[in-house]
Amino acid sequence: QVQVVESGGGLVETGGSLRLSCAASGETSSRATMGWFRQAPGKEREFVAASWRSLTTVADSVKGRFTISRDNTKNTVYLHMKSLKPEDTALYYCATSANALPTKSVEYTTWGQGTQVTVSS
């Protein structure tokens, strides 16, 4: 059974940077998509970025500020965030999917508990 664990969240000032990590364990496959979503209080869960094989996709709302990378030797995916804004404050989730770069949360089957990112103004 696949499990994913996020880490790296925290409190950062506007304009700052953070790197989130998501480590997958269990019956993982380097061919699975690993993605990031976020959910702010009172809002729906929002797609952020995903990685599949050598391909990646990033949501328009964070493009140019967030990037995703992956280390298959460690079964780990990273979300690199820079120029953070208060509106980036959310609980960030990692998830896996057997599909290629889906952006809808329903296509992801394994979810972590999330890591909180708070950007102060």
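The structure contained in this document is the topic of the report that follows. (Residues numbered from 1 in each chain as written. Predicted model: local features only at pLDDT ≥ 70, side-chain atom pairs only at ≥ 80, totals over all residues. Heavy atoms only, no water.)

## Observations regarding the side chain of Arg70
No. 1: Locating Arg70 in the fold gives a position in strand 7 (residues 66–71).
No. 2: No salt bridge is formed by the buried Arg70; the nearest opposite charge belongs to Asp71, separated by 8.5 Å.
No. 3: Among the polar contacts listed, one links the side chain of Arg70 to the backbone oxygen of Ser51, at a separation of 2.8 Å.
No. 4: In terms of polar contacts, Arg70 uses its side chain to reach the side chain of Asn72, at 2.9 Å. (Helix = DSSP H or I, 4+ residues; strand = E, 2+ residues; numbered from the N terminus. Buried < 20%, exposed > 50% of the residue type's maximum accessible area, 1.4 Å probe, protein only. Lys, Arg positive; Asp, Glu negative; His and termini not counted. Salt bridge = Lys/Arg side-chain N within 4 Å of Asp/Glu carboxyl O. Polar contact = N/O pair within 3.5 Å; in protein donor to acceptor, adjacent residues only side chain to side chain.)

## Re the packing of aromatic side chains
No. 1: Using the criterion set out here, one finds five aromatic pairs in the structure.
No. 2: Here the aromatic rings of Phe37 and Tyr108 are separated by 5.0 Å at their centres, their planes lie at 80 degrees, and the arrangement is edge-to-face. Here the residue Phe37 occupies a position in strand 4 (residues 33–39), and Tyr108 occupies one in the loop between strand 9 (90–97) and strand 10 (110–111), the gap between them amounting to 71 residues. Taken as a pair, Phe37 and Tyr108 share a single burial class, namely buried.
No. 3: One aromatic cluster is present, built from ring pairs that chain together Phe37, Phe47, Tyr93, Tyr108 and Trp111.
No. 4: In this structure, Arg45 is placed above the aromatic ring of Tyr93, and the distance from its NZ or CZ to the ring centre is 3.9 Å.
No. 5: The ring of Trp111 carries the charged tip of Arg45 above its face, separated from the ring centre by 4.6 Å. (Phe/Tyr/Trp six-rings, centres within 6.5 Å; stacked < 30°, edge-to-face > 60°. Lys NZ or Arg CZ within 6 Å of the ring centre and 35° of its normal.)

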